[in-house]
Amino acid sequence: MNESVEPHGTAALLVDSRGRYLLHLRDANKNICDPGTWSVPGGGREGEETAAEAVERELLEETGLTVPLEPFTIVGCHGPGPGGPDGPTEGRIQVYLGAWDGDADELPCPEGIMFRHFDAATIPFLTMCPWTKEVIDLHQARGLAPAAVPARARPGGRARRNIVGVHLYLERDGRILLGLRHPDSAFAASTHHFLAGHCEQESAVACLVREAEEEAGLGIDPGDVELVHVVHVVDRPGGRPRIQLVFRARRWHGTPEVREPDRCLSWGWWPADDLPEPVVPYARAAVEGIRAGRLYSELGWA
């Protein structure tokens with residue numbers, strides 16, 4: 001395919017040895033393509049990237065995976081706009097096919113809600129992104145046999161990527177800023193937590209500044225930020241390890257406000273020695289470490 005006419009959009013359809021499809025649940029209530037639907041990893045080309053380069057980058061950023069991919073099909077899609085006088089934008093997506101056996105729960109999810117495997121019989125009962133359903137139907141119609149692929153390495157095998165989380169520690173008059181997460185949140189539902197996010201293609205401090213603005217409308221100068229604690233945490237034996245970086249902002253401007261109501265219900269200032277219940281365990285460990293003058297904690301490791 002000539003590079004100049006390659007579709008702008010790319011996506012990766014990953015199938016395991018049982019014939020199940022790896023799907024990604026997209027955020028709802030946002031001005032994005034196909035909100036609240038099950039889709040597949042992917043994204044647009046950047047700069048002078050080819051479609052193949054773009055899909056490899058997007059797959060690595062969204063799932064941490066690097067797997068062999070082959071061109072499969074091209075489908076049409078509709079974006080949130082603007083396109084024409086009033087309608088949505090229209091585009092094309094180059095879909096690649098790959099094979100991967102592994103635990104979807106162990107994948108990082110810096111965007112959207114979660115990853116899950118589904119067999120073909122379950123697909124009709126899901127709220128699907130239209131073009132993703134089209135791609136899966138085509139894969140089924142062609143009768144392609146599931147590839148034999150090795151399972152993902154477990155602890156003690158090859159190195160596993162750690163997810164990097166970035167957290168904001170704000171203290172005012174002995175009180176710490178915490179948010180109450182939405183009861184439908186995939187992580188820490190109805191639990192108090194720092195303002196936080198996953199590092200994308202950016203530095204940790206840049207991520208912190210971005211998340212502070214997006215989640216709470218707070219302005220922070222990168223020069224006013226210092227690292228005050230690190231928690232290396234694993235939720236369960238064999239689970240995905242996570243490195244949680246906690247930064248203190250010495251100064252900021254703005255008053256915390258709820259900018260993402262689907263994820264956070266409220267912001268509040270809580271006494272450092274009397275935190276609300278419940279609190280995300282590693283956030284509590286970080287607060288205790290900061291107050292004790294420790295830079296590092298571990299949580300959940302056997």
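Residues numbered from 1 in each chain as written. Predicted model: local features only at pLDDT ≥ 70, side-chain atom pairs only at ≥ 80, totals over all residues. Heavy atoms only, no water.

> Got a sec to walk through the overall build of the chain? Specific residues and values, please.
What the chain contains, in helices and strands, is four helices and 16 strands. Across the 302 residues of the chain, 48% fall into the buried class. Excluding contacts between residues fewer than 6 apart, the proportion of contacts in the chain whose partners are at least 24 apart in sequence is 69%. (Helix = DSSP H or I, 4+ residues; strand = E, 2+ residues; numbered from the N terminus. Buried < 20%, exposed > 50% of the residue type's maximum accessible area, 1.4 Å probe, protein only. Contact = heavy atoms within 4.5 Å.)

> I'd love a proper account of the side chain of Arg242, names of residues and values included.
In this structure, Arg242 sits in strand 14 (residues 242-249). Classification of Arg242 by relative accessible area gives buried; the value is 19%. Once residues within four sequence positions are removed from consideration, Arg242 is found in contact with Asn162, Ile163, His198, Val231, His232, Val233 and Asp235.

> Could you give an account of the environment of Asp184, naming the residues involved and the relevant values?
If you trace the backbone, Asp184 turns up in the loop between strand 10 (175-181) and strand 11 (192-193). Given a relative accessible area of 68%, Asp184 falls into the exposed group. Considered as a pair, Asp184 and Cys264 are 80 residues apart in the sequence and their alpha carbons are 9.9 Å apart.

> Kindly report on the packing of aromatic side chains, identifying the contributing residues and their values.
Applying the stated criterion to the full structure yields three aromatic pairs. Aromatic side chains Tyr169 and Phe194 sit 6.3 Å apart centroid to centroid with 65° between the ring planes, which places their arrangement in the edge-to-face category. Within this pair, whereas Tyr169 is found in strand 8 (residues 163-169), its partner Phe194 is found in the loop between strand 11 and strand 12 (195-198), the two being separated by 25 residues in sequence. With respect to burial, Tyr169 and Phe194 carry one shared label: buried. With centroids separated by 6.0 Å and ring planes inclined at 25°, the aromatic side chains of Trp252 and Trp269 adopt a geometry described as stacked. One end of the pair, Trp252, is in the loop between strand 14 and strand 15 (264-271); the other, Trp269, is in strand 15, with 17 residues separating them in the sequence. When its relative accessible area of 17% is taken as the criterion, Trp269 is described as buried. (Phe/Tyr/Trp six-rings, centres within 6.5 Å; stacked < 30°, edge-to-face > 60°.)

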